[in-house]
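One letter stands for each residue in the lines below.
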Protein chains: 4
Amino acid sequence: MERREITVRFCETDALGHVNNTSYFIYLEEARIQFFSSLGYPMDVNHWNFILASTKCDFTNQGYFNQVLTVTTAISRIGTKSFELEHQILCAQTGDQIARGNAVIVYFDFENQTSAAIPEGLRNKLKDHIAGGGIV
Amino acid sequence: MERREITVRFCETDALGHVNNTSYFIYLEEARIQFFSSLGYPMDVNHWNFILASTKCDFTNQGYFNQVLTVTTAISRIGTKSFELEHQILCAQTGDQIARGNAVIVYFDFENQTSAAIPEGLRNKLKDHIAGGGIV
Amino acid sequence: MERREITVRFCETDALGHVNNTSYFIYLEEARIQFFSSLGYPMDVNHWNFILASTKCDFTNQGYFNQVLTVTTAISRIGTKSFELEHQILCAQTGDQIARGNAVIVYFDFENQTSAAIPEGLRNKLKDHIAGGGIV
Amino acid sequence: MERREITVRFCETDALGHVNNTSYFIYLEEARIQFFSSLGYPMDVNHWNFILASTKCDFTNQGYFNQVLTVTTAISRIGTKSFELEHQILCAQTGDQIARGNAVIVYFDFENQTSAAIPEGLRNKLKDHIAGGGIV
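All values derive from a computational prediction rather than experimental measurement. (Residues numbered from 1 in each chain as written. Chains lettered and ligands numbered in written order. Predicted model: local features only at pLDDT ≥ 70, side-chain atom pairs only at ≥ 80, totals over all residues. Heavy atoms only, no water.)

## With respect to the relation of the copies chain A and chain C
Spelled out, the test is: Each copy is superposed on the other by least squares, with the fit set by C-alpha atoms of residues at a pLDDT of at least 70 in both. Any two residues having at least one pair of non-hydrogen atoms within 4.5 Å are treated as being in contact.
Between the two copies, chain A and chain C, the superposition gives an RMSD of 0.0 Å; the rotation angle is 180 degrees and the shift along the axis is 0.0 Å. Such values leave the two copies arranged in the relation of a two-fold axis. Every residue of chain A has its C-alpha some distance from the rotation axis, and the shortest such distance is that of Asp14(A), at 1.9 Å. Take the interface residues of chain A: 100% of them recur as interface residues in chain C, which is what a same-surface contact looks like.

Written out as structure tokens, the structure reads:
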């Protein structure tokens, strides 16, 4: 599981006084990219291996300006050509859950410009991040 | 079903040359707010009746800068205290689906600051927007 | 002078209850792009002729969620290789000024990948948009 | 002078492959807020003492996804009721300037809901941050 701390920016709040829903997807994107980097992928736009097919966020508590959030990333499913991330967004100070998210990622072969089977090396790395240490 | 046309802004694209995933949630928010307005709710931050509990987006085709998108909003479920929206994001010119989304909305009683049963008047209005004209 | 109407999105507000300062630069970008389109430039990222060298915004009144804004664009200066836009952001309903902005634009020759003298045809079109009808 | 490191998020880039102009204003806002915090102001939306009257950014070099930027904040002018910040946005690795910005801030007395003379304590703190160590 990867963890990233993110501090809520002022422009990420809205007129209801809390973090706007669209901002959580910014945090999930940032967590995804750190996760892919941690797997050894260089995150170079000319050689991009991961396509976001779907993402979701459940909002369980309000977030606030200047709050420090911990965003966790784990693997909840590994398929043939795709895998699924699950995220928790927690208040770093109290540990309370603010939101939880997920993302379906399709592995993409840039040379042939097509989705492709997840290579064995990547598959092994993903297994190390399976949520709850379970078997997928 | 409500429809809204949205033109993709330049700052909503990313370095992969297409619309960034986070931008679709901006479009879904805009569609939701137009939908609530169409039901007769004034969208006043001091009297806000709808809480977003969850939202999801599936990305089926790439969107591009300056593309005109049609975002549709229909009702897919009406519960006791919550209901669910479903959205299509289509290329306005070709009708191709770019994305589809949904949102779970909790009805909120501002005077008592608590979630509450959907009032009968709102329930009837929501029924008029049920996707596919079906019964929920 | 070009005009564009923009309705403030909810996610463009902040926890102080008004439009966040960064959102005005989104509106200015949108106005610029409409302006360049009106001059006959296709706004194709593979053939981009205008580079933003500088932009500024003065905030004179607060803007609010759902407010309809009129953003005007005129030309305040035409140089050899660059020109300057000036914008007003007005409440569409009352005409009150919410903000005013400007932008310095450098003309860019994409074939040779360098800034270049403004072509005569473009210069003439820009002159038609000089603020106040004055001579630059 | 205050310094803050910011890593460019993917959603802050645009289809031209670099950081979108609107994103720099997000960075400037983040630097401002850190600066105000460093002066001992709690950055509480219910007790907000600083109003942004104007902000500007000059774009000198392109910024890129994942680039680590150093944003500096110094004071360039102290008036009776307002003061001015100047910022540099540098590539943290090379020190090259990517952009430079400024902001005019009006001191605001929240109890009386009006702009007000900068209190002596704040004035002294601002003087410690005068750019170049000069006298204003």
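The discussion continues.
## Section: empty space enclosed by the protein
Basically, it comes down to this: Using protein atoms alone on a 1 Å grid, points that fit a 1.4 Å probe yet trap it form a cavity, whereas open point sets bounded by protein on both sides within 12 Å along at least five of seven lines form a pocket; residues with an atom within 4 Å of a point count as lining. Grid points are joined across faces, edges and corners, and a volume is the space filled by probe spheres set on the points.
Going through the model one piece at a time under the given rule, you end up with one cavity of 30 Å³ or more. In this structure, the largest cavity occupies an estimated 580 Å³ of space. Lining the largest cavity are 29 residues, and of these Ile26(A), Ile26(B), Ile26(C), Cys11(D) and Ile26(D) sit closest to its centre.

## Describing the pairing of strand β4 (residues 82-91) of chain C
All names here are of chain C. Which entries qualify depends on this criterion: Remark: exposure states derive from per-residue accessible area (1.4 Å probe, protein chains only) relative to the maximum for the residue type, with buried under 20%, exposed over 50%, and partly exposed in between. Under the scheme used here, helices are H or I runs from DSSP no shorter than 4 residues and strands are E runs no shorter than 2 residues, and both carry numbers assigned from the N terminus. Here, strands pair whenever DSSP counts at least two bridges between them.
Counted residue by residue, β4 has eight buried out of 10 residues, so it is predominantly covered. In the sheet, strand β3 (residues 68-78) pairs with β4 via nine bridges, with the strands oriented antiparallel. Across the sheet, the residue bridging to Ile 75 is Leu 85, located in β4. Between the end of β3 and the start of β4, which pair antiparallel, lie three residues.

## Examining the relation of the copies chain B and chain A
Of the transformation placing chain B onto chain A, the axial shift is 0.0 Å and the rotation is 180 degrees, giving an RMSD of 0.0 Å. A share of 100% of the interface residues of chain B reappears at the interface of chain A, consistent with the copies meeting face to face through the same patch.

## Points about the side chain of Arg123(A)
Residue and element names in this part refer to chain A. Definition in use: As used throughout, the charge tally considers Lys and Arg to be positive and Asp and Glu to be negative, leaving His and the chain termini uncounted. Note on definitions: salt bridges are taken to be side-chain nitrogens of Lys or Arg within 4 Å of carboxyl oxygens of Asp or Glu.
Residue placement: Arg 123 occurs in helix α2 (residues 120-127). Buried and unpaired, Arg 123 has no salt bridge, with Glu 120 as the nearest side chain of opposite charge at 4.2 Å. Not counting residues within four places of it along the chain, the set of residues in contact with Arg 123 comprises Ile 78, Gly 79, Thr 80 and Ile 118.

## A short note on the environment of Arg9(A)
In plain terms, the rule: We call two N or O atoms a polar contact when they sit within 3.5 Å, provided that within protein one can donate a hydrogen and the other can accept it, with sequence-adjacent residues counted only if both atoms are side-chain atoms.
Secondary-structure assignment places Arg9(A) in the loop between β1 (2-7) and α1 (21-38). As for Arg9(A) and Tyr64(A), which are separated by 55 residues in sequence, their C-alpha atoms are 9.0 Å apart. Arg9(A) has contacts with Tyr27(A), Phe65(A), Ile6(D), Arg9(D), Glu12(D), Ile26(D), Tyr27(D) and Glu30(D), leaving out every residue within four places of it along the chain. Within polar-contact distance, the side chain of Arg9(A) engages the side chain of Glu30(D) at 2.3 Å.

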